[in-house]
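Analysis of the macromolecular model
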Amino acid sequence: MADDAQPPTTMKAWVAVRLGTPRRAMQLQPAWPVPPPPTGANILVRVAYAALNPADVGFLSFLSPLLPFRRTPVPGLDFSGTVVQAGPDVAGLGVGARVCGALSVGMVATNSGTLAEYIVVPEGLVAVVPRGMGMREAAGLGIVGQTAVIAHREAGGMGSGSSRVLVNGASGGLGAMVTQIAKGRGAWVVGVCSGGNGEFVRGLGADETIDYTAHEPLYEFLAQKHGDEQQQFDYVFDCVGHQVLYERSPAFLKPGGKYISLVGGKTHGVLPVLKNNLWPKFLWGTPRTYKILGLAPAGEYMREVAKLVEDGVIKKVPIDSEYSMEQAVEGYERVITKRARGKVVVKVAP
Ligand SMILES: NC(=O)c1ccc[n+]([C@@H]2O[C@H](COP(=O)([O-])OP(=O)(O)OC[C@H]3O[C@@H](n4cnc5c(N)ncnc54)[C@H](OP(=O)(O)O)[C@@H]3O)[C@@H](O)[C@H]2O)c1
């Protein structure tokens, strides 16, 4: 293999050759072309780890028909790695810098995703890997860390130390970030997860956990346990996408509270999203504020995530499982189970 200053001309990369599940759609190419030397303010990064996201699976199966110009896409949004070449306009990141981030959907649509040994990324989209953090964990910060950041920006009033927060799906990659940031900002945090993950979620900082498998339906349990004014929540962060939880939220969410859904319209359903936002409250609409957020990855968010790590707010990036480059399909199959506790990562560099 060539040294870092002289990248090879070919590399290993996973390529989507047809639509479908990862097993059907993806093929490992042993000699895919390495991107040409970066121009402008771009950097060539040798990828150490990629982290997998549910969105990747969606792109493989449903988004590709909308992108007919994308003939041989490489999947993957999240990465960590080392800068091996810098374009002439790169200001701050030299060869050897350890960086992490998430590609924008547009980049994956028109260029290459992160399940490849080398990627070209704009310098402005990445952050330096936080001090003391390994490449494995850093790869898992991108999409979920940035989404948690925009979620907490949406909950702008939080931070007085008296906010009460419910995180639905607290044990997943996203829920783990939302939980830690809420706790770090002084909120009282209740995490919803299955019973076996309770200790794990309390380890992330949650003050209480609710085993949703033992308290069905969850909205009734919440109405009983958190129905009093003192016990009601200021914010619900929904990382699962439960429409009924929003519709029943007046029983446990304060009148001035916010229901923030982080799952995206495809998971939640387009009609519920329209209904929650547009249906007038005086015509039996749910009398609580509803926001659904979709992330457009940005360097500004990534650097805020890195700072939250360095400030000790994000204390850990839980890794559910690690797969080799050759096993990336198995990694996606773990994601598809929706049982991952934290992030599923792929070790890209040998
Ligand atoms: N808006 C955006 O831009 C954006 C960004 C990132 C992610 N997302 C979306 O957010 C969702 C979560 O993402 P993720 O990366 O965290 O996924 P993930 O890591 O695959 O989530 C898995 C976790 O979900 C939990 N879970 C599954 N069903 C649950 C239920 N009924 N109630 C409570 N917890 C449940 C599981 O916990 P148990 O095993 O304990 O049940 C598991 O720990 C996905 O739909 C993803 O597409 C959206």
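Reading the values: rules and limits
- Residues numbered from 1 in each chain as written.
- Predicted model: local features only at pLDDT ≥ 70, side-chain atom pairs only at ≥ 80, totals over all residues.
- Heavy atoms only, no water.
- Domains from an automatic or database assignment.
- Contact = heavy atoms within 4.5 Å.
- Buried area = accessible area lost by both parts, 1.4 Å probe.
- Salt bridge = Lys/Arg side-chain N within 4 Å of Asp/Glu carboxyl O.
- Polar contact = N/O pair within 3.5 Å; in protein donor to acceptor, adjacent residues only side chain to side chain.
- Nonpolar A, V, L, I, M, F, W, Y, C, P; charged D, E, K, R; others polar.
- Helix = DSSP H or I, 4+ residues; strand = E, 2+ residues; numbered from the N terminus.
- Expected span 1.5 Å × (residues − 1).
- Buried < 20%, exposed > 50% of the residue type's maximum accessible area, 1.4 Å probe, protein only.
- Core = buried A, V, L, I, M, F, W, Y, C linked by side-chain atoms within 4.5 Å.
- Patch = residues over 30% accessible without salt bridge, like charges linked within 9 Å, V, L, I, M, F, W, Y side chains within 5 Å.
- Areas by Shrake-Rupley, 256 points an atom, 1.4 Å probe, with all protein chains shown as cover.
- Near = heavy atom within 4 Å.

According to the domain assignment, the chain consists of domain 1 (10-141 + 317-347) and domain 2 (144-292). Relative to domain 2, the C-alpha centre of domain 1 lies at a distance of 29 Å. Taken together, the contact pairs 12 residues of domain 1 with 15 residues of domain 2. Of the roughly 950 Å² buried between domain 1 and domain 2, counting both surfaces, carbon and sulfur atoms make up 58%. Applying the counting rule to domain 1 against domain 2 returns zero salt bridges. For the pair domain 1 and domain 2, the interface holds four residue pairs in polar contact (both at pLDDT 80 or more). Taken together, the residues that form the side of domain 1 that touches domain 2 break down as six nonpolar, three polar and three charged.

Taking 1.5 Å per residue as the helical rise, helix H12 (residues 299-310) with its 12 residues ought to reach 16 Å, and the 16 Å between its terminal C-alpha atoms agrees with that figure. Next to the buried residues of H12 lie strand S5 (98-102), strand S7 (126-128), helix H5 (142-154) and helix H6 (173-184). With its phi angle positive at about 80°, Gly 312 sits one or two positions after the end of H12.

On to the pattern of salt bridges. Inspection of every chain in the model, using the stated rule, returns 16 salt bridges. The partner of Glu 208 in a salt bridge is Lys 225, with the nearest N and O atoms 3.2 Å apart. Of this pair, Glu 208 sits in strand S10 (residues 208-211) while Lys 225 sits in helix H8 (residues 218-225), and the two are 17 residues apart along the sequence. Overall, Lys 225 belongs to the partly exposed group, its relative accessible area being 40%. Between Asp 311 and Lys 307 there is a salt bridge; the shortest N-O distance is 2.7 Å. Each member of the salt-bridge network shares a partner with another, and the members are Arg 153, Arg 185, Glu 300 and Glu 304.

To continue, consider the nonpolar core. Membership of the largest hydrophobic core comes to 50 residues, with the highest contact counts inside it found for Leu 141, Val 178, Phe 237 and Leu 262. When we break this core down by domain, the ones giving at least three residues each are domain 1 (10-141 + 317-347) and domain 2 (144-292). Apart from the residues within four sequence positions on either side, Val 178 is in contact with Ala 148, His 152, Val 167, Phe 237, Cys 239 and Leu 262. Membership of the second largest hydrophobic core comes to 49 residues, among which are Ala 25, Ile 43, Val 57 and Tyr 323.

Together, Val 270, Leu 271, Leu 274 and Leu 278 give the surface a local cluster of nonpolar side chains, amounting to about 450 Å² of exposed area. Relative to the elements of secondary structure, Leu 271 occurs in helix H11 (residues 270-278). According to the relative accessible area criterion, Leu 271 is exposed, its value standing at 67%.

What follows is about the site of the ligand. Neighbouring the ligand are 27 residues, the closest being Ser 171, Ser 194, Tyr 212, Leu 293 and Ala 340. Here an oxygen atom of the ligand sits 2.9 Å away from a polar atom, N or O, in the side chain of Arg 339. For the ligand, whose free accessible area comes to 920 Å², the fraction covered by protein is 86%. Of all the secondary structure elements, the ones that give two or more residues to the shell around the ligand are H5 and H6. In terms of residues, the shell around the ligand owes the most to one element, H5, which gives three residues. Looking at the shell around the ligand, its residues break down into 13 nonpolar, 12 polar and two charged. Counting contributing residues, the shell around the ligand receives three or more from each of domain 1 (10-141 + 317-347) and domain 2 (144-292).

What follows is about unusual backbone geometry. Residue Glu 216 is joined to Pro 217 through a cis peptide bond whose omega torsion reads -10°. With respect to the secondary-structure elements, Pro 217 resides in the loop between S10 and H8. A positive phi angle, near 60°, is found at Lys 338, a position not held by glycine. The topology assignment puts Lys 338 in the loop between helix H13 (328-336) and strand S15 (343-347). In this structure Lys 338 comes out as exposed when scored by relative accessible area, which is 67%.

This next bit is on H6. For H6, built from 12 residues, the straight-helix expectation of 16 Å at 1.5 Å per residue is met to within 8% by its first-to-last C-alpha distance of 17 Å. Across the 12 residues of H6, 10 count as buried, placing the element largely inside the fold. For H6, every residue scored as buried is listed here: Gly 173, Leu 174, Gly 175, Ala 176, Met 177, Val 178, Thr 179, Gln 180, Ile 181 and Ala 182. Each element contacted by the buried residues of H6 is listed here: H5, strand S8 (164-168), strand S9 (188-193), strand S11 (233-238), H12 and S15.

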